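In case you want the letters, here they are:
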Amino acid sequence: MPRGVKGSGKKAKTETVVVEKTRKAYPTLDERIAIADKKVESLTKLNNEREVLVAKTEKKLEERKVALARSTEQLNKVLAHREHLVEIKNRPATQQGRRATKSEERKRAEELLSVMKAKGISMEELLARLE
C-alpha cells in the first residue's frame, strides 16, 4: 500500500502514561464503627425477615401435617373398605333355598295349627308352655 494511506500498516506510537496507584486510606475508628453499625443493622433486618419466614414455614408445615393425617385416615378407610369387598367376593356362594319362602312358611304354620287342633291345644296354652 502506498504511504500516507490509512491502513498502511504503520501505526503511530502512543505515549504511555504511568499512573501511580495510591493506596486507599485505611478507615479511621469512627468509620470502622459506622461500618460495623451498618452491618449490625442489615444483619438484624435479615434475621427478622428469616424469623418471619420460619414462622410462616412452620404454620404451613402444621397445616400440611393435618392434611397428611386426614388423607392417611381416608386411605385407611378406603383400604379397609376394599378388604371388606374382597372378603365378600371370596366368600363361598350361599346355598339356594336357605331361607324359606312365604308360601313355605304358611304351609308350616298351617301344619302347626292342624297338629295343635288335633291335640286340642290352644295358642295361649302353647305360649304358656314355651314361657
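As shown above, the structure is provided for reference.
The structure reproduced in this document is the subject of the present report.

About the thresholds
- Each residue is numbered by its place in its chain's sequence as written, counting from 1.
- The predicted nature of this model means local features are confined to residues of pLDDT at least 70 and side-chain atom pairs, given and counted, to a pLDDT of 80 or more, with totals for whole chains, interfaces and linings taken over all residues.
- Note: side-chain values were computed over all heavy atoms of the structure, leaving out hydrogens and water.
- Where helices and strands are cited, they refer to DSSP runs of H or I of at least four residues and of E of at least two residues respectively, numbered from the N terminus.
- Under the scheme applied here, a residue whose accessible area is under 20% of the maximum for its type counts as buried, over 50% as exposed, and between as partly exposed, the area being computed with a 1.4 Å probe on protein chains only.
- All accessible areas in this document rest on Shrake-Rupley with a 1.4 Å probe, and a residue is counted as covered only by the protein chains that are shown.
- To estimate how far a helix should reach, multiply one less than its number of residues by 1.5 Å.
- By the convention used here, residues are in contact when the closest approach between their heavy atoms is within 4.5 Å.
- Note on definitions: salt bridges are taken to be side-chain nitrogens of Lys or Arg within 4 Å of carboxyl oxygens of Asp or Glu.

When helices and strands are tallied, the protein chain shows 3 helices and 0 strands. Reading the protein chain from its N terminus to its C terminus gives the helix and strand order α-α-α. For the protein chain, the residues scored as buried account for 2% of the 131 residues in total. Accessible surface computed for the protein chain: about 14000 Å², of which carbon and sulfur atoms make up 56%.

Between its terminal C-alpha atoms helix H2 (residues 102–119) stretches 26 Å, which fits the 26 Å expected from 18 residues at 1.5 Å a residue. In the segment just after H2, Gly 120 is the residue with positive phi, at about 75°.

Moving on to the environment of Met 123. With respect to the helices and strands, Met 123 occurs in helix H3 (residues 123–130). Along the chain, Met 123 and Leu 113 lie 10 residues apart, while their C-alpha atoms are 8.6 Å from each other. Look past the residues within four positions of Met 123 in its chain and what remains in contact with it is Leu 113 and Met 116.

The next point concerns the pattern of salt bridges. One pass over the full model with this rule turns up 2 salt bridges. Lys 77 is the partner of Glu 73 in a salt bridge, and the nearest nitrogen-oxygen pair spans 4.0 Å. With a gap of 4 residues between them, Glu 73 and Lys 77 both fall in helix H1 (residues 29–90), about one helical turn apart. Take Glu 73: its relative accessible area is 48%, and that puts it in the partly exposed class.

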